[in-house]
Amino acid sequence: AMINYKHINRSADFYEDPIAYIKFTSGSTGDPKGVVISRDSLIKFLRWYICELKISHTDVLSAYSDFNFDLSIPDIYSGLFSGATTVLIANKFQKLMPTKFISEHQITIWNSVPSVINIMRKTYNEAKDTFASLRLLNFCGEPLTVSQIKFLFKNISHSKVQNTYGPTEATVFISNIWLSENNYKKFSESSVSLGKPLPHMSLKKLTITPDTTIFEPFGDDETGEAVIIGPQVAIGYFGDKNLTEKNFIFDSITGVRGYRTGDVLLYKGQNYYFVGRTDNQIKRNGYRVELEEIERVADKLGFYKNLAIFAGNDLILCIESEQKIKTTKVQAALREFLPKYYFPIFVQIVNEIPLTKNGKKDRKKMVSTYLDGLVK
């Protein structure tokens, strides 16, 4: 049925398409919002995805992500369109044992957030056939770290890895890069490259003044807040005109419509890299501090399960570990790689880094746990 969504966007052209789905997602803000995706946007993405991954009836897909998370979209629809088998996660035990799930069901294409690699690392069976069925892995939803990609190619050297980037508001993802055992180091900075936009999509740098909103190309080695442009951009937010007009914006000169991501990206060597979130930037003593930068350094130091938070005016690095760790040694190591204005950074050893239902690190819950005095 045709649904009239003219109350959520200024451009009538975006209401002619039937709606494919509405995904309610909290994203990084914690406030649920319904993202309205048109059928044309979904088909545009699926045509590219199925052809790029060469998915056929011989493939077995992993439906690891919950259905309320848009990363489940390619698992569901790719199977329906190509004839591939999609295996559903049946229970919580299978969620906690992804390597066993892959082996038992002979998964050929794995699709998840990068945090699941940390679970794989913890539960990995070094038997040679554990990952033998996999021909490629796809990751999206958060930065893919260098230590995670190293683990993969140490144990799955025969497979290719696709790293991707994109929010729910742009129909799953809008950029990609193919990585192999031979080339991943070339595309590894503080995190692994997000690659280039898909052929029908583009990324621009947002510049806002009191009078204008401008989308312009990134210069080489330039960072900036990213705007996504192209047919995969959502119609808007269901029933929320104000939020739609705030995030789905128009270039003052060209009139082009784009989605304001809130993501700070680096453009380098014709590829994009994730730097951080505008809403995760903290001002301390006149300097901007990036929580993700602390996490990337901790990852380099071998603390793969970590989460940086700002709570009660304290900057804290939480590290998940069952072993005793001297926090003073961690702090000393951090000082070698981070600017002085980042400190003091308090290091807290925790039993578990909380995750959202989608498998991403739950920064909001960690902050509330710390402030409630449950972590000391």
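Residues numbered from 1 in each chain as written. Predicted model: local features only at pLDDT ≥ 70, side-chain atom pairs only at ≥ 80, totals over all residues. Heavy atoms only, no water.

(A) Spatial organisation of the environment of Asp263. Among the secondary structure elements, Asp263 is positioned in strand β15 (residues 257–268). Residue class for Asp263 comes out buried when judged on its relative accessible area of 8%. Along the primary structure Asp263 and Thr171 are separated by 92 residues, whereas in three dimensions their C-alpha atoms are 16 Å apart. Once residues within four sequence positions are removed from consideration, Asp263 is found in contact with Tyr165, Gly224, Glu225, Ala226, Phe274, Gly276 and Arg277. (Helix = DSSP H or I, 4+ residues; strand = E, 2+ residues; numbered from the N terminus. Buried < 20%, exposed > 50% of the residue type's maximum accessible area, 1.4 Å probe, protein only. Contact = heavy atoms within 4.5 Å.)

(B) Helix α1 (residues 39–53), seen in detail. Taking 1.5 Å of rise per residue, 15 residues should cover 21 Å, and α1 covers 21 Å from first to last C-alpha, within 8% of that figure. Those residues of α1 that sit buried are Ser41, Leu42, Phe45, Leu46, Trp48, Tyr49, Ile50 and Leu53. One or two residues past the end of α1 sits Lys54, with phi positive at roughly 55°. (Expected span 1.5 Å × (residues − 1).)

(C) Expanded view of the sheet that holds strand β13 (residues 236–237). As summarised here, the arrangement of the three strands in space is β1-β2-β13, forming an open sheet in which the pairing is antiparallel. Across the chains shown, the open sheet's two edge strands, defined by having one partner strand only, are β1 (19–25) and β13. Pairing geometry for β1 and strand β2 (residues 33–38), over six bridges, is antiparallel. Pairing of Tyr21 across the sheet is with Ile37, part of β2. Each of β1 and β2 touches α1; the most contacted strand, β2, lies at about 70° to it. (Pairing = 2+ DSSP bridges. Axes fitted to C-alpha atoms, helices over the stretch in contact; angles between N-to-C directions.)

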